[in-house]
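Fold and contact review
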Amino acid sequence: MADNREENIFPKIISHAKEYGFIFPSSDIYDGLQAVYDYGPNGIALKNNIKTYWWKAMTQLNENIVGIDSAIFMHPKVWKASGHVDAFNDPLVDNKDSKKRYRADVLLEDHVAKLQSKIDKEVTKAKKRFGESFDEAQFVSTNPRVLKYKEKIEEVESRMKKALEDEDMEALKKLIEDCEIVCPISGSRNWTEVRQFNLMFSTEVGSVAESANKIYLRPETAQGIFINFLNVLHSSRKKVPFGIAQIGKAFRNEIVARQFIFRMREFEQMEMQFFVRPGEEMKWYEHWKEQRLNWHKALGFREEAYKFHDHLKTAHYANAAVDIEYQFPFGFKELEGIHSRTDFDLKSHEELSGKKLQYFDPEENRNYTPYVIETSIGLDRMFLATLCESYTCEKVQDGGKEKERVYLKIPPVFAPFKAAVFPLVRKEGLPEKAQEVMDALKFDFEVAYEEKESIGKRYTRQDLIGTPYCFTVDHQTLEDNTVTVRERDTTNQQRLSIEEIHSWISQRVSFSSILKKV
Ligand code: GAP
């Protein structure tokens, strides 16, 4: 898999994504719109495959999880009840010299990451010095410089946690000053006060200004699930524990939108709310932590690319929260969140709507408000993780010369095209025979057909968009009905009979092969 820690790989991934039809800046002809992106022909195919994998893993593998698709617009009271009107804020700070705006917590997290990288450098240096006999655990627990950095990290993290929990903006500003954090643009420490900023976009419904109602574009899909709790419960006759899954757009007026599609203003979430008996939530929290990590690991990405990160500060609705972090080229960052949301949302909606949002448990013979475990993954972030993990740049020998081979090692189940079919030449009956191969595959798999240019160039083009298998029809095909299959990752070739290729490819690209590993 790609070494995502290679320096400068991220800009290459971004330009690859545009050049090969995965992601374009939105409104590109007008020079783009910040933090908004469009998906191209290969991008939407990859995105749809990620969605299908998630949807099947939730609703097909779990008899007690059903799906919904709720509207983006909801009654304004939804966001009052959920706490988003009052508490969905980011702490902002401006640098007076560069006029650039930052999230105070992000500045502090970046500062912690810098301290951590100093520890990593000390470890690398010591490894070199001591060679085989190096004991990393002992080194990090005894080396005075490492201990000093660790102590600093602990201090910053605990002060930040307290300031965020107390919503103490002055304490955040003081911490930024004490850490001597400088603006990356101006290099100065000339900061404004830290202020809270609400992230929801609002608009109006209603044709006449006087009767218009302020409504919000949903900042998370989860509330669409909570407000449909009763509808789903009654129509699907599910019993607690059960879950409701949903994939859909969410909107946040992110202040610091950066790192390509990592932080967008319009993005998609794949969320599942699992309703459980009060008191059993921690058991289910652990269950879903493990399940969700398995879902990621089944893709075969680097094991060490994932880690859990417990939240320093839980959101206003949660009593436990953890992130699954993925090692992006710019460091370990949140890919998915798993939250124990207690009965906060159902209770608040009950209060504000006046409707009883409870469940009658026949085994316990009582009514209660279920507790909720939520799993929430950003589809675009998962897309970015897939792209980063797949982007591979290798040195290969070509006629005695060393050259670079770039390809996308996308898991076959996610690849925009599962295979490509090429006639070796555009004559002598080979295109017609290649069409036969297309006909054998196209009803079940996305297959590309190419007959222009040399076979080598056609392989390269498919490598660049991540097509895992290429079938070439040559003169031998006309004699024995076999084709060559060339595998993207190894570039190995073998012959297969045309009758075999449907089942051969099916074993390698079907969702069932990966779902069995979850
Ligand atoms: N319902 C819970 C919730 O929305 P969150 O941690 O704010 O929790 C869940 O978001 C996931 O949505 C994140 O782990 C991330 O993958 C994705 N996400 C959040 N904000 C995003 C943004 N601005 N751009 C892209 N993805 C985002």
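Described in the following lines is the structure provided in the data block. A quick note: this is a predicted structure, and the numbers were derived from the prediction, not measured.

Scoring rules and cut-offs
Residues numbered from 1 in each chain as written. Predicted model: local features only at pLDDT ≥ 70, side-chain atom pairs only at ≥ 80, totals over all residues. Heavy atoms only, no water. 1 Å grid on protein atoms, 1.4 Å probe; cavity = no way out; pocket = protein on both sides within 12 Å on 5 of 7 lines; lining within 4 Å. Points joined across faces, edges and corners; volume = space filled by probe spheres on them. Helix = DSSP H or I, 4+ residues; strand = E, 2+ residues; numbered from the N terminus. Nonpolar A, V, L, I, M, F, W, Y, C, P; charged D, E, K, R; others polar. Pairing = 2+ DSSP bridges. Axes fitted to C-alpha atoms, helices over the stretch in contact; angles between N-to-C directions. Contact = heavy atoms within 4.5 Å. Near = heavy atom within 4 Å. Polar contact = N/O pair within 3.5 Å; in protein donor to acceptor, adjacent residues only side chain to side chain. Areas by Shrake-Rupley, 256 points an atom, 1.4 Å probe, with all protein chains shown as cover. Salt bridge = Lys/Arg side-chain N within 4 Å of Asp/Glu carboxyl O. Buried < 20%, exposed > 50% of the residue type's maximum accessible area, 1.4 Å probe, protein only.

A few points about the layout of surface pockets
- One number sums up the size of the second largest pocket: a volume of about 600 Å³.
- What lines the second largest pocket is a set of 25 residues, and nearest its centre among them are Tyr 102, Leu 107, Asp 110, Pro 184 and Arg 258.
- In terms of residues, the lining of the second largest pocket owes the most to one element, helix α5 (residues 104–130), which gives seven residues.
- The residue inventory of the lining of the second largest pocket, partitioned by class, reads 13 nonpolar, two polar and 10 charged.

Here we look at the sheet that holds strand β4 (residues 89–94)
- Pairing within the open sheet is antiparallel, and its three strands lie in the order β5-β4-β6. The open sheet has two free edges, formed respectively by β5 (101–103) and β6 (195–198), since each of these has just one partner strand. Averaged over all pairs of adjacent strands, the angle between their axes in this sheet comes to 45°, without regard to strand direction.
- Judged from the four bridges that link them, β4 and β6 form a sheet pairing that is antiparallel. Looking at β6, one finds that Leu 92 is bridged to Arg 195.
- Sheet strands touched by α5: β4 and β5. Its angle to β5, the strand with the most contacts, is close to 70°.

Some details on the site of the ligand
- Close to the ligand lie 21 residues, the nearest being Glu 220, Arg 252, Met 264, Glu 271 and Glu 334.
- At 2.8 Å from an oxygen atom of the ligand is found a side-chain nitrogen or oxygen belonging to Arg 252.
- Between the ligand and Met 264 there is a distance of 2.8 Å, counted from a nitrogen atom to a backbone nitrogen or oxygen.
- When the ligand is considered free in solution it has 550 Å² of accessible area, and contact with the protein chains removes 94% of it.
- Secondary-structure elements contributing two or more residues to the shell around the ligand are β10 (266–276), β13 (331–342) and β16 (371–378).

Let's talk about the pattern of salt bridges
- Following the criterion strictly, the structure yields 43 salt bridges and no others.
- Linking Arg 145 and Glu 122 is a salt bridge whose minimum nitrogen-to-oxygen distance equals 3.1 Å. One end of the pair, Arg 145, is in helix α7 (residues 144–165); the other, Glu 122, is in helix α5, and 23 residues separate them in sequence.
- What makes Glu 122 buried here is its relative accessible area of 8%.
- As a salt-bridge pair, Arg 189 and Glu 180 come within 4.0 Å of each other at their nearest N and O atoms.

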